[in-house]
Amino acid sequence: MKEYLLNFPDAWQFNIGTAIDDWIKNFSRTHREILGFIKRSVITSIKSINELLSIIPWWLLILIVMLLGWRVSGKKRVGLLYGVMLFFIGSSGLWDHMLETLSIVIASVILSVLLGFPLGILLALNKRADGIVRPILDLMQTMPTFVYLVPAVILFSVGMTPALMATTIYAIVPMIRLTSHGINHVDTEVVEAAIAFGSTTLQSLVKVQIPQALPTIMAGVNQTIMMAMSMVVTCALIGANGLGMEILVATNRTEMGKALMPGICIVFIAIILDRLTQGFVDNKEYNTFFRRRPMR
Amino acid sequence: MSKDTVIRVEHITKLYGKNKSEAIQLMKNGADKDTVYKRTGVTVALWDVSFEVKRGEIFAIIGLSGSGKSTIIRCFNLLNKPTSGKIFFEGNDIEKFSKQEVLNYRRDRIAMVFQNFGLMSHRNVLDNVTYGLEVKKVPREEREQRGREMIEMVGLEGLEHQPISSLSGGMKQRVGLARALANDPGVLLMDEPFSALDPLVRRDMQFELLSIQGKLEKTVIFITHDINEAFKLGDTVAIMRDGKIIQIDTPENMSAKPADEYVRQFIDSADKTQVLSAKHVMVPPTCLVKPKDIPSQAIREMGANDVSTAYVVDDKMRFMGIITIDNAIRARNNGLPLPSLIDPDVHTCNEDTLINDIISLAAEAKYPLAVLDKENKLKGIISKATVLASL
C-alpha cells in the first residue's frame, strides 16, 4: 500500500492560517493609530458606564431592580426574589466585580443594538444584502468563541477593548437575525395597507413595520444580552476584569468554593436580566411601554 | 350619477415566473393555465383582461380562489405591476406616474379595504383611521377631527381610543372602512372585505356599505367569491376564471343570459343559497337544563340568563323538550322531579330548513324554535324576532 493512500500527502497540505496571522499582525502595525483611538474610546466608555453604575448606591440599585421585577412580572415576591439575589452578590463581596462585568455587557449590548438594528432592517429590505450577510452570521454563530479572542488580542492587546470586541461579535448575531425576522414577518396585509395609503418606504418602516416587529426585536435584545453575558465570562481569558476573572483565578488555583460563588452570581444576574427584558417582550400591550397609554 | 369612465383596463396580463415569453406563446396558442404551468413553470395570474369602471358604480368582480381577482385589484393601486397592458385612471396611464405621483394617487384618489382588515395592532382605532392622513402630513387637529367623523359614520363612536385587539371582526372591518373613507378617495378597492365575517355581520356590513355608498357616491371595486354578495351589491358584475374574465354584465342580464355553462352553474349555486337556512340565523341556546338537575337550579339558571324558558337536553345534548319558569317553580314548591313537567311539544326544525318554511312555524310557536341535527341534538334556537329580522 502506498504511503499517500494511508495518510494525507504532505505535499498537498498548505496553511492559510499563517498567512492570516501575518496579515492581522501587519494590519495591527499599519493601523496602530486608528486601533489606538478605538481602544481609548472603548475604555473611556466602559469606564464611564462603570462609574455611572458605581454612583448608584448599592441599596438603590437593589430597590430599582426589585421595583422593576415587581412591575414587569406583576408579582411582589418576584421583585423580592431579585432583591435577595442581588443582596447575596453584595454579601459575597462581589458587588464591584459584578459592576465591572455589567459594564462590559451593557457596552457590548449598546454596540450590538446600534449596529445590529439597522443591519437587521437592511437585511429585511434588501435581498442581496441578506444573501451575503446571512452565511457570515451562520459562521459567526458556529465558530468556537475562543477563535474570536485571538485577533481581538492581536489588534487591541489584552483588557477591556478586545473583550468588548469579542463579546459584541458574538452577541450581535441574534440582534441582526431577529430584527430582520421581525420586519419580514409583519402581516403582509398590514404592510400592504401602509403602502396602499401612500406611505413612503421610510414611513411604512417607521410607522408600521418596526412597531409591529417590536416584540420580535425585543426578543433579539433579550438574546443579545444573554449571549453577551455568557461571552463576557470567557473574556476573562483575555484580561476582562469582573466575575469571569474571579472564576478564572480560582480555577487556576483549583479552589472550588471560590470559583462557585462568582458562578452563582453570574447565574443570578443572567436570571434577572433575562426575566426583566423578557417581561417587556411578553407583555401583550407592549406598545404602551413606548407610547402614551390609551385614554379610557 | 354621471356616466364617465373612472378606470379603464386594457389587455392586462400578469405572469409570475421566469420563462415568460414561452408562456405567452403557449397561452396565445390556446393552452390553459395548468398546461402552461407544467410546461414552463410560469403562473398565469391574469390573461388579457379588459374592462371599464364607471363613476359612482359598484363594480363587483367574482371568482373562485386562484382566479386572479386579488391580483387585479392590487394592480389598481400599483401594489402589483402588470406584466403587460395598461390601466388608465381618469385617462392617465398609472404606470407612467412618477414616484411622487404614485404616492399622491394612493393618498388622495384610491383607498383599499382588506380581507383580513390590515389594521395596525399597535395603534388604537382613531390612529388607524387617520393613518392615511398622517402619512400625507395633515395636522393632528384636522386629521383627528376627520377621523372622528368617519368613526361616527361607521357607527363606532366612543371607541376611538380602544386598541384594535378589543374589537370584534365586524367592528374591525368598520375601522378598515373608516380608514379608507378618511382620505375621501374617489375609488374604493375592496378585496373580499366581508369574507372573514360571519353571515349575520356580513349582511349588516353589506347594508352599511350600500348606505354609505348612497351618501358618498364613491366608485367601488368589490372583490368577492360569493355570488349573492356580488349580485346584491354590484351594479356591474364581472366573473373571472383562471385569470380571464368570462362575462361582464348587470346582475339581471347575467342571470337571464349566462355566457356559458360555468357562469350558469355559478348563478345556480346562488339560487340555492340565496334563501337562508336555519343554521344561518340560529343562536346558541342561552339556557340549558339537564333532566337530573333539581328545580331550584333550573330556576337559578333561567334567572341568571334572564329568560322564562329553559331547554332540556340529556347528557348527549339530545333535545327532550322545554321547561317554563312557572313549571319549574311549581316543581320546587311541590317537590316534583323536573322531568315530569317537561313540555315535549315544541316546534323543531333541522339546520337546513329554509327560512321560508320557518316563518310559518315560528308564527304559530309559543317558544323559540329548537334547531336539531339528525341525531336530535340541540344545535341552536330561533326566535320569532330573529326570523323576521333576517328578512
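Our subject is the structure that appears above.
Since we're looking at a predicted model, the values are computed, not measured.

Helix and strand counts for chain B come out as 17 helices and 16 strands. Across its three principal axes, chain B shows a C-alpha extent of roughly 85 × 55 × 40 Å. Per-residue burial for chain B yields a buried fraction of 39% across its 391 residues. Long-range pairs, those at least 24 residues apart, make up 65% of the contacts in chain B between residues at least 6 apart in sequence.

Our focus in this paragraph is the overall build of chain A. Each helix and strand counted, chain A has 14 helices and 0 strands in total. Along chain A, helices and strands appear, N-terminal first, in the series α-α-α-α-α-α-α-α-α-α-α-α-α-α. Counting only C-alpha atoms, chain A reaches 85 × 55 × 45 Å along its principal axes. Looking at chain A as a whole, 36% of its 296 residues qualify as buried.

The next subject is the sheet that holds strand 15 (residues 369-372) of chain B. Residue and element names in this part refer to chain B. Ordered in space as 14-15-16, the 3 strands form an open sheet in which the pairing is mixed. Strand pairing shows two members of the sheet lacking a second neighbour, strand 14 (348-350) and strand 16 (378-382), which therefore form its edges. Pairs of neighbouring strands in the sheet enclose a mean axial angle of 30 degrees, with direction left out of account.

With that settled, consider the interface of chain B and chain A. Taken together, the contact pairs 19 residues of chain B with 18 residues of chain A. Within the residue set of the side of chain B that touches chain A, elements represented by two or more residues are helix 4 (99-109), strand 6 (110-113) and helix 6 (131-135) of chain B. Here the side of chain B that touches chain A is built from residues that sort into 9 nonpolar, 7 polar and 3 charged.

As a further point, take the sheet that holds strand 11 (residues 288-289) of chain B. Residue and element names in this part refer to chain B. Taken in spatial order, the 3 strands make up an open sheet running 11-12-13, and their pairing is mixed. Only two strands of the sheet have a single partner each, and these edge strands are strand 11 and strand 13 (319-324). Its contacts with the sheet put helix 14 (residues 295-305) on strand 11, strand 12 (309-313) and strand 13, and the angle it makes with strand 12 is roughly 125 degrees.

A pair of packed helices can be characterised by two numbers: the angle between their axes and the separation between those axes. Residue and element names in this part refer to chain A. Where helix 4 (residues 58-73) meets helix 5 (residues 76-91), the closest approach of the two axes is 7 Å, and the angle between their N-to-C directions is 150 degrees. The angle between helix 4 and helix 5 places the two elements in the roughly antiparallel class. Crossing of helix 4 over helix 5 shows right-handed handedness. Side by side, helix 4 and helix 5 meet where Trp58, Ile62, Val65, Met66, Leu67, Gly69, Trp70 and Ser73 of the first sit next to Lys76, Val78, Gly79, Leu80, Tyr82, Gly83, Leu86, Phe87 and Gly90 of the second. Looking at the contact of helix 4 with helix 5 residue by residue, the classes come out as 11 nonpolar, 5 polar and 1 charged.

Let us now look at the nonpolar core. Counting residues in hydrophobic clusters, the biggest one holds 141 residues, and the most contacted among them are A:Val232 and B:Ile221. Those residues in contact with A:Val232 that lie beyond four places of it in its chain are A:Thr101, A:Ile104, A:Val105, A:Ala163, A:Thr167, A:Ala240, A:Gly242 and A:Gly244. In terms of nonpolar packing, the next biggest core, distinct from the first, is built from 28 residues, B:Val313, B:Ala331, B:Leu369 and B:Ala370 among them.

Moving on, we get to helix 3 (residues 32-55) of chain A. One full turn of an α-helix is made of 3.6 residues, so residues set three or four places apart face in the same direction. For helix 3 of chain A, spanning 24 residues, the distance from its first C-alpha to its last is 34 Å, which sits close to the expected 34 Å at 1.5 Å a residue. Restricting attention to buried positions, one finds in helix 3 of chain A the residues A:Val42, A:Ile46 and A:Asn50.

All names here are of chain B. With 5 of 6 residues buried, strand 9 (residues 236-241) lies mostly within the body of the structure. In this structure, strand 3 (residues 58-62) lies alongside strand 9, joined through 4 bridges in parallel fashion. Pairing of Ile62 across the sheet is with Ile239, part of strand 9. With 5 bridges joining them, strand 9 and strand 10 (residues 244-249) adopt antiparallel strand pairing. Considered in strand 10, the bridge of Arg241 is made with Lys244.

Basis of the calculations
- Residues numbered from 1 in each chain as written.
- Chains lettered and ligands numbered in written order.
- Predicted model: local features only at pLDDT ≥ 70, side-chain atom pairs only at ≥ 80, totals over all residues.
- Helix = DSSP H or I, 4+ residues; strand = E, 2+ residues; numbered from the N terminus.
- Buried ≥ 20, exposed ≤ 12 C-beta atoms within 10 Å, placed from the backbone.
- Contact = placed C-beta atoms within 7 Å.
- Pairing = 2+ DSSP bridges.
- Axes fitted to C-alpha atoms, helices over the stretch in contact; angles between N-to-C directions.
- Nonpolar A, V, L, I, M, F, W, Y, C, P; charged D, E, K, R; others polar.
- Parallel < 35°, antiparallel > 145°, perpendicular 65-115°, else oblique.
- Left-handed = near helix turned anticlockwise from the far one by under 90°.
- Core = buried A, V, L, I, M, F, W, Y, C linked by C-beta atoms within 7 Å.
- Expected span 1.5 Å × (residues − 1).

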